[in-house]
Amino acid sequence: MEFSVPEILEKNTFTFAFALAFALIGVSIKVVTGLISFYEEVLIKRYFKRLNSLKEHVTESSEVCDYLVKLKDNEVFRLASGIKSSPEKNDMFMKLYLLGIADNRELKRIRRYLKPEGEKIYIDVDWEDKLQFLYSLVAALFLMITGVILGGYSFVNGTSADSITGLIIMTMFVITAAIVGSDFRTHNTLKRIRLSLLKKGLIANEEAKIMWSFP
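As a starting point, this report considers the structure included with it. (Residues numbered from 1 in each chain as written. Predicted model: local features only at pLDDT ≥ 70, side-chain atom pairs only at ≥ 80, totals over all residues. Heavy atoms only, no water.)

Across its full length, the protein chain holds eight helices and two strands. From first element to last, N terminus to C terminus, the protein chain shows the α and β order α-α-α-α-α-β-β-α-α-α. Counting across all 215 residues of the protein chain, residues that qualify as buried make up 31%. Accessible surface computed for the protein chain: about 14,100 Å², of which carbon and sulfur atoms make up 63%. (Helix = DSSP H or I, 4+ residues; strand = E, 2+ residues; numbered from the N terminus. Buried < 20%, exposed > 50% of the residue type's maximum accessible area, 1.4 Å probe, protein only. Areas by Shrake-Rupley, 256 points an atom, 1.4 Å probe, with all protein chains shown as cover.)

Written out as structure tokens, the structure is:
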């Protein structure tokens with residue numbers, strides 16, 4: 001007995017709904033973190049203006065003046081790169097950029113996984129990060145396949161209006177999959193940067209892996 005795709009989904013509605021809701025969790029997280037990043041950027045610009053106004057009322061060649069200069073330099077880096085971090089880590093990020101290992105967009109994506117350790121860099125990826133990378137890959141693939149199944153069925157077998165609807169469905173699922181899959185793209189970026197650092201002998205923990213190895 002043959003079943004069409006909608007009939008199969010109808011018979012497994014609960015399973016499909018649960019899998020879809022689980023895959024869409026990543027979208028909600030990305031939207032929230034995006035709003036937080038935008039808010040932080042606004043605060044950084046206000047803080048930078050405040051530093052400029054304070055420097056005018058401080059005696060030159062004093063410790064307070066040197067402190068404000070250091071803070072100002074740090075804020076300039078934040079505004080230019082979009083990365084909010086300590087001066088020590090900022091120096092590490094600038095070194096990676098100047099070596100041509102990563103650009104600002106890539107540095108912003110992987111900043112939480114890198115730590116300076118002397119002249120080398122420690123890549124800190126724990127099991128939760130690896131689980132997040134794996135979830136991102138699986139959820140993105142699920143959403144893409146679901147979009148192709150739902151939208152593709154209407155696109156191929158429906159009327160002209162159904163074909164347009166099917167195309168819209170596929171596009172929406174692909175866009176959603178791209179959002180959910182951003183963590184796995186971060187994994188790929190981190191993997192490439194790790195290889196570049198290995199070649200230059202700049203990794204402090206060379207044996208550490210950023211993803212589980214399967215036989």
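Before going further, it helps to spend a moment on the environment of Asp91. By the element assignment, Asp91 lies in helix H4 (residues 87-98). For the pair Asp91 and Pro116, spaced 25 residues apart in sequence, the C-alpha to C-alpha distance is 8.8 Å.

For the rest of this paragraph, the subject is the environment of Gly82. Locating Gly82 in the fold gives a position in the loop between helix H3 (63-81) and H4. Each C-alpha atom, one on Gly82 and one on Lys108, is 6.7 Å from the other, the two residues being 26 residues apart in sequence. In this view, Gly82 contacts Phe77 and Lys108; residues no more than four positions away in its chain are not counted. (Contact = heavy atoms within 4.5 Å.)

Applying the stated criterion across every chain, the model contains one aromatic pair. Ring geometry for Tyr113 against Phe133: centres 5.7 Å apart, planes inclined by 55°, an arrangement best described as tilted. Here Tyr113, found in the loop between helix H5 (104-110) and strand E1 (114-117), pairs with Phe133, found in helix H6 (residues 127-157); they are 20 residues apart in sequence, far enough to count as distant. With a relative accessible area of 0%, Phe133 lands in the buried category. (Phe/Tyr/Trp six-rings, centres within 6.5 Å; stacked < 30°, edge-to-face > 60°.)

What follows concerns the pattern of salt bridges. Under the defined criterion, the tally for this structure stands at five salt bridges. Asp129 serves as the salt-bridge partner of Arg112, at 3.0 Å between the closest nitrogen and oxygen. With Arg112 in the loop between H5 and E1 and Asp129 in helix H6, the pair connects residues that are 17 residues apart, well separated along the chain. For Asp129, a relative accessible area of 5% puts it in the buried group. In this structure, Asp124 and Lys115 form a salt bridge, with 3.0 Å as the shortest nitrogen-oxygen distance. Take Asp124: its relative accessible area is 26%, and that puts it in the partly exposed class. (Salt bridge = Lys/Arg side-chain N within 4 Å of Asp/Glu carboxyl O.)

Okay, the side chain of Ser136 next. For Ser136, the position within the fold is in helix H6. Within polar-contact distance, the side chain of Ser136 engages the backbone oxygen of Val180 at 2.7 Å. Within the structure, Ser136 has its side chain in polar contact with the backbone nitrogen of Phe184 (distance 3.0 Å). Once you skip the residues sitting within four places of it in the chain, Ser136 turns out to touch Val180, Gly181, Ser182, Asp183 and Phe184. (Polar contact = N/O pair within 3.5 Å; in protein donor to acceptor, adjacent residues only side chain to side chain.)

Within the secondary structure, Lys89 sits in helix H4. Residue contacts for Lys89: discarding those within four places in its chain leaves Arg111, Leu114 and Pro116.

Glancing now at the nonpolar core. Of all hydrophobic cores here, the largest spans 22 residues; its most connected members are Phe93, Leu96, Leu114, Ile123, Val125, Leu190 and Leu197. Of all the elements in the fold, those that place two or more residues in this core are H4, H5, strand E2 (120-123) and helix H8 (182-200). Excluding anything up to four places from it in sequence, Val125 contacts Tyr113, Lys130, Phe133, Leu190, Lys209 and Ile210. Counting residues in each nonpolar core, the second largest holds seven residues, with Ala139, Ala140, Leu143 and Phe173 among its members. (Core = buried A, V, L, I, M, F, W, Y, C linked by side-chain atoms within 4.5 Å.)

With that settled, consider the pairing of E2. It is a general feature of regular strands that their side chains alternate between the two faces of the sheet. Burial along E2 is one-sided: the residues Ile121 and Ile123 are buried and none of Lys120 and Tyr122 is. When E1 meets E2, the two strands line up antiparallel, connected through four bridges. Note on E2: the bridge partner recorded for Lys115 is Tyr122. (Pairing = 2+ DSSP bridges.)

Purely spatial values, then, with no claim about function.
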